[in-house]
Amino acid sequence: MKRKNSGPAGLYLHVPFCRSKCPYCAFYSIASSSLIPRWIRALKRECEISSGLPKESLFSFDSLHFGGGTPSLLECPDLAGIMECVRSCFVLSGNCEIAMEANPLDLKDGKAHFLKEMGFTRMVVGAQSFDDKALSFLGRNHSPADATGAVAALRRAGFENVGLDLIYGLEGQSLDSWIADLEAAVALSPEHISCYCLSIEEGTVFRRMADHGRLSTSSPEAERELFIEASRFLRERGYIHYEVSNFAKTLRHVSRHNLKYWRREPYLGLGPSAHSFYGEKRYWNKRPLKGYCETLEGGALPMEGSEDLTEEQAVLERIAMGLRIREGFRLDEETAPWIEHRGLERMEAGGLISVKGDMVAPTIEGFLVADRLPLEIMH
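Residues numbered from 1 in each chain as written. Predicted model: local features only at pLDDT ≥ 70, side-chain atom pairs only at ≥ 80, totals over all residues. Heavy atoms only, no water.

Chemist: Which parts of the structure should I look at to understand the side chain of glutamate 229?
Modeler: Within the element layout of this structure, glutamate 229 appears in helix 8 (residues 220-236). Residues contacting glutamate 229, with those up to four places away along its chain left out, are Leu175 and Ile179. (Helix = DSSP H or I, 4+ residues; strand = E, 2+ residues; numbered from the N terminus. Contact = heavy atoms within 4.5 Å.)

Following this line, the structure appears as structure tokens:
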């Protein structure tokens, strides 16, 4: 099976710079801005080389996502130069979703208006919490008032698609404190809310603290309660729980770019550690910033590795990804031969999935065990 990816592709730009490194963050970034000029030159070169590849000529990109790191810390002239390069190298559709992850401290009125004028259509504010103690524990350098002010600045600039990121599952976090966070978030009327459970990842400060017995995570039972409450709370207020961690006011406000990952649609990743997907092939860039820059300065793409998925891997991915999103996956000639129907019936009877016609979709309870579901229903 060599199924062609269909539809417009997504374009991802990894901005590997932060003012400081959050103790829970495992994404590649450095707490320094000294290499930004060199990175910009390298990124532009990667755009130029990538735009000449045969497969990229097949794509019209309908999503452009600036991730990181902290993309919002880039100065306006630098962002303008990057956007000019992207638009000259790639075809962006007329309704392209152009999104950026942002630190609340970066979103003053001047910056917000500039981003709107540059064509950004979606902003994701990393609020994480509206509790001062939680923000301190998470190593965040902003206050609840900063997050509220950032959303207000985006509204004044004319943004109609604003997202908030929240983190739950902190050690000792009570249900009442989590509800207070959700209430504070909903009071700002964001079009999108992401609720991520705190995980202790390898290579992070929190991992080292946990290894030395200085940090504990919340229990699975507590995490389940917080997850179920978030889903109930937000759905009662009109939000659609469309992916394990994500809620949108309407289907028009879902993250188009992130859905490409779950739907296995093609995407091109640029920048250090960025990943790409096309056909049934995944490939990824070098992670260290200096190595990334040196390779591009030598005229080559900074690819670190690649993987051609087998038929089994591709089908498993399609099923596993589908069980993370509200729409689910389709039982068709590709997936059906791999499905164990007694397992399917068992999961449906347990209230973890629903089967309607040829569509298999997770329930809210199923979202909780999304990583396990594929193993339960496949041969």
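Still to come is the rest of the account.
Chemist: Looking at this structure, I do not really get the packing of helix 2 (residues 76-89) against helix 3 (residues 109-117). What am I missing?
Modeler: Two quantities define a packed helix pair, namely the angle between the axes and the distance from one axis to the other. For the pair helix 2 and helix 3, interaxial distance at closest approach is 11 Å and the crossing angle is 10 degrees. Between helix 2 and helix 3, the angle falls in the class roughly parallel. Across the interface between the two elements, Cys76, Leu79 and Ala80 from helix 2 touch Lys111, Phe114 and Leu115 from helix 3. Residue composition of the contact of helix 2 with helix 3, grouped by class: 5 nonpolar, no polar and 1 charged. (Axes fitted to C-alpha atoms, helices over the stretch in contact; angles between N-to-C directions. Parallel < 35°, antiparallel > 145°, perpendicular 65-115°, else oblique. Nonpolar A, V, L, I, M, F, W, Y, C, P; charged D, E, K, R; others polar.)

Chemist: What is the right way to look at the pattern of salt bridges in this model?
Modeler: Here the structure, examined in full by the defined rule, presents 24 salt bridges. Between aspartate 106 and arginine 19 there is a salt bridge whose closest N-O contact spans 2.2 Å. Taken together, the residues span a long stretch of sequence, with aspartate 106 in the loop between strand 3 (92-102) and helix 3 and arginine 19 in the loop between strand 1 (9-15) and helix 1 (36-50) at a distance of 87 residues. By relative accessible area, arginine 19 is classed as partly exposed at 44%. Taken together, the shared-partner salt bridges in this structure form one network comprising Glu229, Arg232, Glu236 and Arg237. (Salt bridge = Lys/Arg side-chain N within 4 Å of Asp/Glu carboxyl O. Buried < 20%, exposed > 50% of the residue type's maximum accessible area, 1.4 Å probe, protein only.)

Chemist: Would you mind showing me how to read the packing of aromatic side chains here?
Modeler: Within a pair of aromatic rings, the relevant descriptors are the distance that separates the centres and the angle that separates the planes. Overall, the coordinates contain 7 aromatic pairs when judged by the stated rule. On the numbers, 5.5 Å between centres and 80 degrees between planes, the contact of phenylalanine 17 with tryptophan 39 is edge-to-face. Taken together, the residues span a long stretch of sequence, with phenylalanine 17 in the loop between strand 1 and helix 1 and tryptophan 39 in helix 1 at a distance of 22 residues. Considered together, phenylalanine 17 and tryptophan 39 belong to a single accessibility category, that of buried residues. A cation over an aromatic ring shows up here: lysine 116 above the ring of phenylalanine 159, its NZ or CZ 5.3 Å from the ring centre. Taking NZ or CZ as reference, arginine 282 lies 4.2 Å from the ring centre of phenylalanine 277, over its face. (Phe/Tyr/Trp six-rings, centres within 6.5 Å; stacked < 30°, edge-to-face > 60°. Lys NZ or Arg CZ within 6 Å of the ring centre and 35° of its normal.)

Chemist: Sorry if this is basic, but what is going on with the nonpolar core here?
Modeler: Nonpolar side chains tend toward joint burial in soluble globular proteins. Counting residues in hydrophobic clusters, the biggest one holds 78 residues, and the most contacted among them are Trp39, Leu64, Phe66 and Phe120. Counting residues per element, this core draws most heavily on helix 1, at 7 residues. The residues touching phenylalanine 120, leaving out its near neighbours within four places in the chain, are Phe66, Met83, Ile98, Ala99, Met100, Leu115 and Phe159. Residues Leu352, Ile353, Val360 and Met378 belong to the second largest nonpolar core, which totals 14 residues. (Core = buried A, V, L, I, M, F, W, Y, C linked by side-chain atoms within 4.5 Å.)

Chemist: Hey, could you run me through the sheet that holds strand 13 (residues 329-330) in this one?
Modeler: What links the strands of a sheet is backbone hydrogen bonding, and the strands pair in either a parallel or an antiparallel sense. Taken together, 3 strands build an open sheet; the order of strands is 13-15-14 and the sheet is antiparallel. With partners counted over all chains shown, the strands left at the sheet margins are strand 13 and strand 14 (353-356), one partner each. Bridge count for strand 13 against strand 15 (residues 359-362) is 2 bridges, and the pairing is antiparallel. Bridging across to strand 15, phenylalanine 329 finds its partner in valine 360. (Pairing = 2+ DSSP bridges.)

Chemist: Which parts of the structure should I look at to understand the environment of isoleucine 179?
Modeler: Tracing the backbone shows isoleucine 179 in helix 6 (residues 175-187). Expressed as a C-alpha distance, the spacing of isoleucine 179 and leucine 270, which sit 91 residues apart in the sequence, is 37 Å. Residues contacting isoleucine 179, with those up to four places away along its chain left out, are Glu229 and Phe233.

Chemist: How do you make sense of helix 3 when you look at a structure like this?
Modeler: In an α-helix, one turn spans 3.6 residues; hence positions three or four apart end up facing the same way. Residues Lys111, Ala112, Phe114 and Leu115 constitute the buried set of helix 3. Down the axis of helix 3, the smallest arc covering the buried residues is 160 degrees, so these residues share one side. Across from the buried face of helix 3, at angles greater than 90 degrees, the exposed residues are Gly110 and Glu117. Considering only its buried residues, helix 3 is in contact with helix 2, strand 3, strand 4 (122-128) and helix 5 (144-157). Once helix 3 finishes, glycine 119 follows within two positions and takes phi at roughly 100 degrees, a positive value. (Arc of directions from axis to C-beta.)

Chemist: For this particular structure, what's the right way to read helix 12 (residues 341-349)?
Modeler: Among the residues of helix 12, Gly343, Leu344 and Met347 are the ones counted as buried. An end-on view of helix 12 places all buried positions within 105 degrees of arc, on one side of the element. Relative to its buried face, helix 12 has exposed residues pointing more than 90 degrees away, namely Arg342, Glu345 and Ala349. Two residues or fewer past helix 12, glycine 351 is found with a positive phi of approximately 75 degrees.

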